[in-house]
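As a plain string of letters, each chain reads:
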Amino acid sequence: MTLSVRVEQSNEVTAKNYVNEVFETVKKRNPNETEFHQAVEEIFQSLIPVFAKQPKYMEAGILERMVEPERQIIFRVPWVDDQGKAQINRGYRIQYSSAIGPYKGGIRFHPSVNISIIKFLGFEQILKNSLTGQPIGGGKGGSDFDPKGKSDNEIMRFCQSFMTELFRHIGPDVDVPAGDIGVGGREVGYMFGQYKRLRGAYEAGVLTGKGVGYGGSLARTEATGYGTVYFVNEMLKDKGMSFEDQTVVVSGSGNVAIYAIEKATQFGAKVVACSDSNGYIYDKNGINLDTVKRIKEVERKRISEYVKEHPESEYYEGCTGIWSIPCDIALPCATQNEINEESANILVKNGVKAIGEGANMPSTLEAIDVFLNNNILFGPAKAANAGGVAVSALEMAQNSARLSWTFEEVDAKLHQIMINIYQQSVKASEEYGYSGNLVVGANIAGFLKVADAMMFQGLV
Ligand code: GLU
């Protein structure tokens, strides 16, 4: 990946050599972890200008330390299915960095989960959480458990077994998990119930994304999707544009996608498509969000059901085709590597103006290069989707204070946080000579806060 990073001056050459050396060690120490290598490569390349300008971070070995998780926990998760058969899954919790606060990050339940996926998510989470301006470190967890097609009782038994091991490693001041793909309010509820039972105490701040009736924050459900749209809105505003009358394509139909669609529509855009892991729907008049919410949040069915109720819309099998729909703004809100170089080129050819990453690492390194080289406004995930974890931190604050803020209060704070993240990223990109490159800007801004905390705290 080039990220258009120039290597001209000698201190830049030294910095580049340092980064490459550390990257080689990462690859050797973590063989075959392709997603992890991808996330590391993007971040490392972005940081070359920092090491060139401030060699003190290089001398203190900050990069080597930051990329090595403080603790990696892998455990067996046994549970019994509805047929009475024993099932075994693998559970993970990577406690990556506690430099600026307790480990914080979601839990993902998906058959694709492995150590590489959890580590890429955990490493990104360090910088994302730092960007929010909230006192939260980085962590991530999950399991290769597939919630699709499981009964409510099976989900509960799995969550209870998962927490029976995890509870000894977490706590409101230690590590605070939340949701991610496959983990929403229902799963967080079951995990919280089991944690409470095992601990024998009501420690509300141990998990975020809880139901609002028992310690959850208003606007947490909406936060990631809303935040992504707030972020893209800032990018557009800077160029004299807005969401008004723009055609938008949103991939996914989970929590992030649904609330990105909602806020983009409130801002006057027409969202014409969304998807799930089987295929996508295209509704040229604008998709009906109430139908999508009911199918996905209540009935937990496939997105293909949508066309039965909206005969004017179309359904297509497969996920990548969604990027061939002409649009002004694309919001990938499904999963990692959903936009490759080819899809990026099609989006550019069709005149896309802005990309906002609602999912984690949805664009491949080659796709990012396509967007940057074509001067497309590009909001990278760790900046654009930080609204979710930001409101998680607000949930922790409310739990500690034993009070709850109104929806409007939390939403206003979220909005301001997204504006701050945008401004910090722009400022860092300018200060380090990569004006307009928010990938570099967000990585540098997120990194500096964590790196400085590590310098103050000594070699730990
Ligand atoms: N899973 C979300 C993320 O990727 C939210 C994490 C949290 O709220 O802790 O940032």
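Below is a summary of the structure that appears in this document. None of the values given here were measured: they were computed from a predicted structure.

### Re the overall build of the protein
For the protein, the helix and strand inventory stands at 17 helices and 12 strands. The C-alpha radius of gyration of the protein comes to 21 Å, within 12% of the 23 Å expected for a compact globule of 460 residues. Its C-alpha atoms give the protein principal-axis dimensions of about 65 × 55 × 45 Å. Among the 460 residues that make up the protein, the fraction classed as buried is 58%. Put simply, of all contacts in the protein between residues at least 6 apart along the chain, 72% involve residues at least 24 apart. Of the roughly 17,900 Å² of accessible surface on the protein, a fraction of 49% belongs to carbon and sulfur atoms. Within the protein, one finds 47 positive and 55 negative side-chain charges whose respective centroids are separated by 5 Å.

### Structural notes on the environment of Ile322
Here Ile322 lies in the loop between strand 9 (314-317) and strand 10 (329-332). Given a relative accessible area of 1%, Ile322 falls into the buried group. For the pair Ile322 and Cys274, spaced 48 residues apart in sequence, the C-alpha to C-alpha distance is 7.7 Å. Not counting chain neighbours up to four residues away, the residues in contact with Ile322 comprise Val249, Val250, Ser251, Ala273, Cys274, Ser275 and Tyr280.

### So, unusual backbone geometry
The backbone of Asn32 sits at a positive phi, close to 65°, despite the residue not being glycine. Checked against the element boundaries, Asn32 lands in the loop between helix 1 (10-29) and helix 2 (34-53).

### A few points about the side chain of Asp175
Tracing the chain through its elements places Asp175 in strand 5 (residues 175-178). Within the structure, the side chain of Asp175 is placed 2.9 Å from the side chain of Gln95, a separation counted as a polar contact. Ignoring sequence-local partners within four residues, the contact set of Asp175 consists of Arg93, Gln95, Pro102, Tyr103, Lys104, His169, Ile170 and Val206.

### Digging into the pairing of strand 7 (residues 270-275)
Within strand 7, five of the six residues are buried, leaving the element largely enclosed by the surrounding structure. Here strand 6 (residues 247-251) runs beside strand 7; their pairing, made up of three bridges, is parallel. Residue pairing in the sheet places Thr247 in a bridge with Lys270 of strand 7. With respect to chirality, the unit in which strand 6 leads through helix 9 (residues 255-266) into the neighbouring parallel strand 7 is right-handed.

### Some remarks on the sheet that holds strand 7
Two orientations exist for strands paired in a sheet by backbone hydrogen bonds: parallel and antiparallel. Spatially, seven strands are ordered 9-8-7-6-10-11-12 in an open sheet, and the strand pairing comes out mixed. Both outer strands of the open sheet, strand 9 and strand 12 (377-379), are each paired with one neighbouring strand and no more. Neighbouring strand axes in the sheet, compared pairwise and without regard to direction, differ in orientation by 15° on average. Sheet analysis places strand 6 next to strand 10, joined by four bridges and oriented parallel. Counterpart to Ser251 in the pairing with strand 10 is Pro332. Running at roughly 170° to strand 7, helix 9 makes contact with strand 6, strand 7 and strand 10 of the sheet.

### Side note on the nonpolar core
If you look at the biggest cluster of nonpolar residues, it comprises 99 residues, and the most contacted ones within it are Phe44, Phe51, Phe123 and Phe447. With 11 residues, helix 17 (residues 438-457) is the largest single contributor of residues to this core. Those residues within four positions of Phe51 in sequence are excluded, and the remaining contacts are Ala15, Tyr18, Val19, Tyr57, Met58, Leu63 and Phe447.

### Quick notes on the packing of aromatic side chains
Scanning the model with the defined rule gives 24 aromatic pairs in all. Look at Phe75 and Phe162: their rings are 5.3 Å apart centre to centre, the planes differ by 55°, and that puts the pair in the tilted class. On the criterion of sequence distance, the pair formed by Phe75 in strand 1 (residues 71-80) and Phe162 in helix 6 (residues 152-166) is long-range, its members being 87 residues apart. Here Phe75 matches Phe162 in class, with each residue buried.

### Details of the pairing of strand 3 (residues 103-109)
In terms of burial, strand 3 is largely enclosed, as seven of its seven residues are buried. Alignment of strand 3 against strand 5, held across four bridges, turns out to be parallel. Looking across to strand 5, one finds that Lys104 is bridged to Val176. This β-α-β element, strand 3 to helix 5 (residues 115-131) to strand 4 (residues 138-143), shows right-handed connectivity.

### A short note on the packing of helix 8 (residues 220-238) against helix 15 (residues 387-401)
Two numbers describe how helix 8 lies on helix 15: the axes approach to 7 Å, and their chain directions differ by 145°. Like other packed secondary-structure pairs, helix 8 and helix 15 cross with a definite hand, here right-handed. Along the contact surface, helix 8 presents Arg220, Ala223 and Thr224, while helix 15 presents Gly387, Gly388, Val389, Val391, Ser392 and Glu395. Across the contact of helix 8 with helix 15, the residue classes break down as three nonpolar, four polar and two charged.

### Observations regarding empty space enclosed by the protein
Which parts of space are left empty comes out when a probe the size of a water molecule is rolled across the atoms. Evaluation of the coordinates by the stated rule reveals one cavity of 30 Å³ or more. Considered as a void within the structure, the largest cavity measures approximately 40 Å³ in volume. Lining the largest cavity we find Glu42, Glu124, Glu357, Met361, Pro380, Ala381 and Lys382. Counted by class, the lining of the largest cavity contains three nonpolar, no polar and four charged residues.

### Points about the site of the ligand
In the vicinity of the ligand lie 14 residues, with Lys104, Lys128, Gly179, Asp180 and Ser392 positioned nearest. Taking Asp180, its side chain carries an N or O atom lying 2.8 Å from a nitrogen atom of the ligand. One of the side-chain nitrogen or oxygen atoms of Ser392 is found 2.6 Å away from an oxygen atom of the ligand. Burial of the ligand by the protein chains amounts to 94% of its free accessible area of 290 Å². Put simply, the parts of the chain that give the shell around the ligand at least two residues each are strand 3, helix 5 and helix 15.

The rules behind the values
- Residues numbered from 1 in each chain as written.
- Predicted model: local features only at pLDDT ≥ 70, side-chain atom pairs only at ≥ 80, totals over all residues.
- Heavy atoms only, no water.
- Helix = DSSP H or I, 4+ residues; strand = E, 2+ residues; numbered from the N terminus.
- Rg over C-alpha atoms; globule rule 2.2 N^0.38 Å.
- Buried < 20%, exposed > 50% of the residue type's maximum accessible area, 1.4 Å probe, protein only.
- Contact = heavy atoms within 4.5 Å.
- Areas by Shrake-Rupley, 256 points an atom, 1.4 Å probe, with all protein chains shown as cover.
- Lys, Arg positive; Asp, Glu negative; His and termini not counted.
- Charge placed at Lys NZ, Arg CZ, Asp CG, Glu CD.
- Polar contact = N/O pair within 3.5 Å; in protein donor to acceptor, adjacent residues only side chain to side chain.
- Pairing = 2+ DSSP bridges.
- Right-handed = clockwise from strand over helix to strand, strands pointing away.
- Axes fitted to C-alpha atoms, helices over the stretch in contact; angles between N-to-C directions.
- Core = buried A, V, L, I, M, F, W, Y, C linked by side-chain atoms within 4.5 Å.
- Phe/Tyr/Trp six-rings, centres within 6.5 Å; stacked < 30°, edge-to-face > 60°.
- Left-handed = near helix turned anticlockwise from the far one by under 90°.
- Nonpolar A, V, L, I, M, F, W, Y, C, P; charged D, E, K, R; others polar.
- 1 Å grid on protein atoms, 1.4 Å probe; cavity = no way out; pocket = protein on both sides within 12 Å on 5 of 7 lines; lining within 4 Å.
- Points joined across faces, edges and corners; volume = space filled by probe spheres on them.
- Near = heavy atom within 4 Å.

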